[in-house]
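Here is how the chains run, residue by residue.
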Amino acid sequence: MSDRMEDARSKKIIFVSSCLLNTNNKVKGLARYPGMCREVFDMLHKYDLGIMQMQCPETLYLGIQRWWATKNLYDNIGFRKHCRELAKQIADYMESYVQVGYKTVAVLSCDGSPTCGVTLTSWDENWGGCPAELSYNDALLEGEGVYIEELKQEIQERGLTVPPFYGLALDDETADMDNILSDFEDFIRRICEK
C-alpha cells in the first residue's frame with residue numbers, strides 16, 4: 001500500500017481565469033484567440049503546474065451577450081457580493097491544498113478586465129446609460145478588478161498566504177503577444193524556482 005501513497009503529481013497549482021481556458025466567456029470583441037490561449041497552457045504544462053479554472057464572474061452575473069463594461073459599472077454592492085461568493089469557493093480549494101501540503105504557486109488572470117485585472121483594469125465615467133461607441137483601450141488604467149480585490153481579501157481574511165497574482169495583458173489590443181508570453185514565462189520560471 002505504501003507504494004501507492006506517492007505518485008507523479010507536482011503538488012503545485014495555478015488558479016486561472018475562466019476566459020484564458022475558454023475565450024467564449026469573454027465579452028464579444030475582445031477575444032484574441034479562438035478557444036484558449038494555447039501558448040500559455042503549453043507553458044504551464046512545461047513547468048508541471050496543475051490548472052484550476054476559476055469561474056467567470058461577469059458571465060455568471062450578466063451572461064455571454066453582455067455589453068462591454070468598465071470597473072465603475074461593476075463596482076457595486078450586488079456584484080461585489082457575487083464576486084465574494086465565488087472567491088470563497090476558490091479560497092476553499094486553496095485552503096484544502098494547504099492542508100495536504102500542496103502549493104498554490106500563483107493566480108493567473110486577464111489584465112485590463114474590470115473584474116479580473118491584476119495590475120490593469122478599466123474606468124470611465126462616460127460608460128453607463130445608453131450603449132455608445134467608446135474605446136476600451138482609452139479606459140484602461142492601473143488597478144485591480146472587482147473580483148481580484150474580493151479574492152485577495154478572502155484569502156487574507158482566512159490567514160492564508162496570498163500567492164503571487166499575474167495578469168496577462170490580453171484585453172489591451174495594442175499589447176504585443178510575443179512580449180506578453182515572454183514576460184509571462186519569466187514570471188512562471190521565477191515562481192517555480194522558489
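The structure presented is a predicted model; accordingly, all values stated were derived computationally and were not measured. (Residues numbered from 1 in each chain as written. Predicted model: local features only at pLDDT ≥ 70, side-chain atom pairs only at ≥ 80, totals over all residues. Heavy atoms only, no water.)

Student: An account of helix α2 (residues 38-46) is requested, with residue identities and associated values reported.
Tutor: Inspection of α2 places V40, F41, M43 and L44 among the buried residues, and these make up the whole buried set. Buried residues of α2 fall within an arc of 155 degrees about the axis and therefore sit on the same side. Facing away from the buried side of α2, by more than 90 degrees, are the exposed residues R38, H45 and K46. Contacts from the buried residues of α2 go to β1 (12-16), α1 (18-21), β2 (50-53), β3 (103-110), β6 (165-168) and α7 (177-193). Positive backbone phi, at 60 degrees, marks D48, one or two positions downstream of α2. (Buried < 20%, exposed > 50% of the residue type's maximum accessible area, 1.4 Å probe, protein only. Helix = DSSP H or I, 4+ residues; strand = E, 2+ residues; numbered from the N terminus. Arc of directions from axis to C-beta. Contact = heavy atoms within 4.5 Å.)

Student: Tell me about the pattern of salt bridges, residues and numbers included.
Tutor: A full pass over the atoms with the stated rule returns 19 salt bridges. The structure contains a network of salt bridges with shared partners spanning K71, D75, R80, R84, D92, E95, E149, E150, E154, E157 and R158. (Salt bridge = Lys/Arg side-chain N within 4 Å of Asp/Glu carboxyl O.)

Student: Tell me what's going on with the state of the cysteines, and back it up with residues and numbers.
Tutor: The full count for this structure, using the stated rule, is zero disulfides. C83 takes part in no disulfide bond, and the closest cysteine sulfur, belonging to C116, lies 7.5 Å away. Assessed through its relative accessible area of 10%, C116 is described here as buried. (Disulfide = S-S within 2.5 Å.)

Student: Before we move on, can you summarise α7 with the specific residues and values?
Tutor: Over its 17 residues, α7 runs 24 Å from end to end, which matches the ideal 24 Å to within 8%, given 1.5 Å per residue. Buried within α7 we find I180, L181, F184, E185, F187, I188, I191 and C192. Angularly, the buried residues of α7 cover 165 degrees about the axis, an arc narrow enough to put them on a single face. The exposed residues of α7 that point more than 90 degrees off its buried face are D178 and E193. Between the side-chain oxygen of the N-cap and the backbone nitrogen of D178 there are 3.3 Å, and the N-cap of α7 in question is D176. (Expected span 1.5 Å × (residues − 1). Polar contact = N/O pair within 3.5 Å; in protein donor to acceptor, adjacent residues only side chain to side chain.)

Honestly, that's just the spatial picture; any functional story needs more than this.
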